[in-house]
Amino acid sequence: MTVSEKKIDRLVQKMHEYYNSKDFNNLATVDFPPEVEYKSNGWLVYIFYSCLLDYGMRSQNYHNNLINTYHIYPQIFNPNCVIANFTTNKEELLSIMKNNIHPRYPNVAVDKWLNLSTELSKYKRQVVYYLD
């Protein structure tokens, strides 16, 4: 997959325009661990992971499970760590997900988690750079 920085910049610009014109009281929110600094690179990466498996069903339970999992296994929210430790050891990641996050489709969740980690690890800059 090829990533176009021009297209990313344009997309982010359009998102800023759209969300700046909206009342944020009506938008969905994503809970995150209190130790993750709001609008930091870690926060953005966490948001990517948290939205990945949120199908809107029992969403609050899902986000609570995700926050609890973050406290026990923060390494699964680090793309480089995921690639280094779980690419060849999917069973361990599957176990963490089944026993802590409880996604609807655990095997699909593992594949999505690994794919997202691979894509996020390609960025030489922090993800937050693309939102400035």
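*Asks:* Summarise the overall build of the protein; cite the residues concerned and give the values.
*Replies:* Within the protein, the regular secondary structure consists of 6 helices and 0 strands. In the protein, the order of α-helices and β-strands from amino to carboxyl end is α-α-α-α-α-α. Among the 132 residues that make up the protein, the fraction classed as buried is 32%. Of all intrachain contacts in the protein linking residues separated by at least 6 positions in sequence, the fraction that spans at least 24 positions is 62%. By element, 52% of the accessible surface of the protein is carried by carbon and sulfur atoms, the whole surface being about 8800 Å².

*Asks:* Could you give an account of the side chain of threonine 69, naming the residues involved and the relevant values?
*Replies:* Residue placement: threonine 69 occurs in helix H3 (residues 59–72). By relative accessible area, threonine 69 is classed as buried at 0%. Once residues within four sequence positions are removed from consideration, threonine 69 is found in contact with Pro74, Ile76, Phe77, Ile96, Asn100 and Ile101.

*Asks:* Can you break down a nonpolar patch on the surface residue by residue, with the values?
*Replies:* Together, Tyr55, Tyr105 and Val108 line one region of the surface with nonpolar side chains, adding up to about 280 Å² of accessible area. Of note, tyrosine 105 is situated in the loop between helix H5 (90–101) and helix H6 (106–121). Residue classification places tyrosine 105 among the partly exposed residues on the basis of a relative accessible area of 45%.

*Asks:* If you had to explain the nonpolar core to someone new, which residues and values would you point to?
*Replies:* For soluble globular proteins, nonpolar side chains are generally found buried alongside one another. Grouped together as the largest cluster of nonpolar side chains are 27 residues, with contacts concentrated most on Tyr49, Ile76, Phe77, Leu93, Met97 and Trp113. When residues of this core are traced back to their parent elements, those giving at least two are helix H2 (41–52), H3, helix H4 (79–86), H5 and H6. Excluding residues within four positions of it along the chain, tryptophan 113 makes contact with Tyr49, Leu52, Leu53, Leu66, Ile76, Phe77, Val82, Leu93, Met97 and Ile101.

*Asks:* Tell me about the packing of aromatic side chains, and please be specific about residues and values.
*Replies:* Inspection of every chain in the model, using the stated rule, returns 9 aromatic pairs. Summarising the aromatic geometry, the rings of tyrosine 38 and tryptophan 43 are spaced 4.9 Å apart at their centres and angled 70° between planes, so their arrangement reads as edge-to-face. With a relative accessible area of 15%, tryptophan 43 lands in the buried category. Judged by centre distance (4.5 Å) and plane angle (25°), the ring pair of tyrosine 49 and tryptophan 113 falls under stacked. In this pair, tyrosine 49 sits in helix H2 while tryptophan 113 sits in helix H6, placing the two residues 64 residues apart along the sequence. For the pair formed by tyrosine 49 and tryptophan 113, the shared burial category is buried. Three or more aromatic residues link up through ring pairs in this structure, and these residues are Tyr46, Tyr49, Tyr70, Phe77 and Trp113.

*Asks:* Give a description of the confidence of the model for the protein that names residues and reports values.
*Replies:* Averaged over all residues, the pLDDT of the protein equals 82, while 82% of them reach at least 70. For the protein, per-element mean pLDDT is lowest for helix H1 (residues 5–20), which scores 75, and highest for H5, which scores 97. Scored below 50 in pLDDT, residues 128–132 shows 10 contacts in the model against residues more than four places distant or in partner chains.

*Asks:* Tell me about the pattern of salt bridges, residues and numbers included.
*Replies:* One pass over the structure, following the stated rule, counts 2 salt bridges. Here aspartate 111 makes a salt bridge to lysine 90, at a shortest N to O gap of 3.0 Å. Here aspartate 111, found in helix H6, pairs with lysine 90, found in helix H5; they are 21 residues apart in sequence, far enough to count as distant. The class of aspartate 111 is partly exposed, set by a relative accessible area of 35%. We classify lysine 90 as partly exposed; its relative accessible area is 39%. Glutamate 119 is the salt-bridge partner of lysine 122, the closest N and O atoms lying 3.1 Å from each other. Judged by relative accessible area, which is 44%, lysine 122 ranks as partly exposed.

Thresholds, definitions, all that
Residues numbered from 1 in each chain as written. Predicted model: local features only at pLDDT ≥ 70, side-chain atom pairs only at ≥ 80, totals over all residues. Heavy atoms only, no water. Helix = DSSP H or I, 4+ residues; strand = E, 2+ residues; numbered from the N terminus. Buried < 20%, exposed > 50% of the residue type's maximum accessible area, 1.4 Å probe, protein only. Contact = heavy atoms within 4.5 Å. Areas by Shrake-Rupley, 256 points an atom, 1.4 Å probe, with all protein chains shown as cover. Patch = residues over 30% accessible without salt bridge, like charges linked within 9 Å, V, L, I, M, F, W, Y side chains within 5 Å. Salt bridge = Lys/Arg side-chain N within 4 Å of Asp/Glu carboxyl O. Core = buried A, V, L, I, M, F, W, Y, C linked by side-chain atoms within 4.5 Å. Phe/Tyr/Trp six-rings, centres within 6.5 Å; stacked < 30°, edge-to-face > 60°. pLDDT = per-residue confidence, 0-100.

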